[in-house]
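Inside the fold
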Amino acid sequence: MSIIAEYNPDLALRNISEFKSGDRKEEECIPENLKGGEIYPFLKKGQRHYWLEGEIPLVETKGEGKLSRPKASIIVLEATYFLKDKEVWTRGKYKVIEFFNDDQIHFEGFEKL
């Protein structure tokens, strides 16, 4: 028996259109009206580990490692693992520190610019 865990340097969520089409839960997607200072829930399949002591990028994923530039700088406030239908999931909350509305580079590795 082994433990499969993934360490994520960012929080990668889907486009809200995947929730609207019924393909994803709302917490698996980036909210439509993302605002700085607000707290949002997230949900990811698998046992995910996030850095909790500072800001990380919020990115949009299309799956298979296809990620956007950061949409926002966030702080993960909590992450909890649970079983649903014999599969491990991670749910938690994040706070938006700064929303990015451009294609500029805002992070270099783990350092926010």
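Predicted model, so just to flag it, every value in this text is computed and none were measured. (Residues numbered from 1 in each chain as written. Predicted model: local features only at pLDDT ≥ 70, side-chain atom pairs only at ≥ 80, totals over all residues. Heavy atoms only, no water.)

1. Focus on the overall build of the protein
The cut-off we apply is this: A run of H or I in DSSP becomes a helix once it reaches four residues, and a run of E becomes a strand once it reaches two; helices and strands are each numbered from the N terminus. Radius of gyration means the value over C-alpha atoms here, while the globule rule gives 2.2 Å times the residue count to the 0.38 power. Accessible surface is estimated by sampling points in the Shrake-Rupley manner with a 1.4 Å probe; for residues, cover comes only from the protein chains shown. Neither His nor the chain termini are counted; the positive set is Lys and Arg, and the negative set is Asp and Glu. Note on charges: their place is set at NZ of Lys, CZ of Arg, CG of Asp or CD of Glu.
Helices and strands together make up the secondary structure of the protein, namely one helix and nine strands. Order of helices (α) and strands (β) in the protein, N terminus to C terminus: β-β-α-β-β-β-β-β-β-β. In terms of overall size, the protein behaves like a compact globule, its C-alpha atoms giving a radius of gyration of 14 Å where 113 residues would be expected to give roughly 13 Å. When the backbone C-alpha atoms are referred to their principal axes, the protein occupies close to 40 × 30 × 25 Å. When the accessible surface of the protein is totalled, it reaches about 7,500 Å², and 48% of it is carbon and sulfur. Charge separation in the protein, taken as the distance between the mean sites of 18 positive and 21 negative side-chain charges, equals 5 Å.

2. Comments concerning the side chain of Thr61
Let me state the cut-off plainly: Whenever two N or O atoms come within 3.5 Å, that pair is a polar contact, provided that in protein one can donate a hydrogen and the other can accept it, and provided that, for residues adjacent in sequence, both atoms are side-chain atoms. By definition in these notes, contact holds between two residues if any of their heavy atoms fall within 4.5 Å.
Mapping Thr61 onto the fold places it in the loop between strand S5 (56-60) and strand S6 (72-84). Among the polar contacts listed, one links the side chain of Thr61 to the backbone nitrogen of Gly63, at a separation of 2.8 Å. Within the local environment of Thr61, its side chain forms a polar contact with the backbone oxygen of Lys66, the two atoms lying 3.5 Å apart. Those residues in contact with Thr61 that sit more than four places away from it in its chain are Ala12, Leu13, Arg14, Lys66 and Leu67.

3. Some points on the side chain of Asn8
We count it as follows: The classification of residues rests on relative accessible area computed with a 1.4 Å probe and restricted to protein chains. Under 20% of the type maximum is buried, over 50% is exposed, and intermediate values are partly exposed.
Structurally, Asn8 can be placed in strand S1 (residues 6-8). Judged by its relative accessible area of 12%, Asn8 falls in the buried class. Residues in contact with Asn8, not counting those within four places in the same chain, are Arg48, His49 and Tyr50.

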